[in-house]
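Residue strings, one per chain:
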Amino acid sequence: MEDTCPHSPWTSIEMELKEDMRLPVPKPFDLARFLAATMTFMSSVNNTIVSFDDNIFMKIAKSRDESTRIPIPNDMSPKSKEGTMDIKAVSVVSG
């Protein structure tokens, strides 16, 4: 596996599907739900387009408002008991 990719305006992500989705082509709704859920945790991915044979099959776009930083509540410990998590900041995003 190479560490670098050729320069391109596109990002291609290849993921292995769960066992129950390993059909020749995943069911459209299941694929859309999977992609939407995955995009939730990707801060730099705003659009996803799925195409087959150069025909657009599905588009998913997300948008979000600017975040507003809020103070960490005094009764909240910023570190987990095991020390594996350390909260540096808390922000609220609406919309």
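Above: the structure in question.
Owing to the predicted nature of the structure, the values given are computational and were not obtained by experimental measurement.

The next thing to look at is the pattern of salt bridges. Close approach of charged atoms allows side chains with opposite charge to pair. The final tally for this structure, using the stated rule, is two salt bridges. Between aspartate 30 and arginine 33 there is a salt bridge whose closest N-O contact spans 3.0 Å. Of the two residues, aspartate 30 and arginine 33 both sit in helix H1 (residues 28–40), three residues apart, roughly one turn of that helix. Note that lysine 88 is salt-bridged to aspartate 86, the shortest N-O span being 2.9 Å. Overall, the relative accessible area of 67% leaves lysine 88 in the exposed class.

Moving on, we come to the pairing of strand S2 (residues 55–61). Examined bridge by bridge, strand S1 (residues 47–52) and S2 share six bridges and lie antiparallel to one another. What sits directly across from phenylalanine 52, in S2, is asparagine 55. Linking two consecutive strands that pair antiparallel, namely S1 and S2, is a turn of two residues; a positive phi of about 50° is found at aspartate 53 within it.

Moving on, we get to the nonpolar core. Ranked by size, the top nonpolar core spans seven residues in total: Leu31, Leu35, Met39, Val45, Val50, Met58 and Ile60. Mapped onto this core, the elements with two or more residues apiece are H1 and S2. Top contributing element to this core by residue count: H1, with three residues. With residues up to four places along the chain from it excluded, the contact list for methionine 58 reads Pro28, Leu31, Ala32, Leu35, Thr48, Ile49 and Val50.

Cut-off values and rules
Note that residues are indexed from 1 along each chain, following the sequence as it is written. In keeping with the model being predicted, local features are shown solely for residues with a pLDDT of at least 70 and side-chain atom pairs are shown and tallied solely at 80 or more, while totals for entire chains, interfaces and linings include all residues. Neither water nor hydrogens contribute to the side-chain values; these are computed over all heavy atoms in the structure. The term salt bridge refers to a pairing of a side-chain nitrogen on Lys or Arg with a carboxyl oxygen on Asp or Glu at a separation within 4 Å. The numbering of helices and of strands both runs from the N terminus, where a helix is a DSSP run of H or I of at least 4 residues and a strand a run of E of at least 2. Any residue under 20% of the maximum accessible area for its type is buried, any over 50% is exposed, and the rest in between are partly exposed; the area is computed with a 1.4 Å probe on protein chains only. By the convention used here, strands pair only if DSSP detects at least 2 bridges between them. We call a set of buried Ala, Val, Leu, Ile, Met, Phe, Trp, Tyr and Cys residues a nonpolar core when their side-chain atoms join them within 4.5 Å. Note on contacts: a residue pair qualifies if any of its non-hydrogen atoms lie within 4.5 Å across the two residues.

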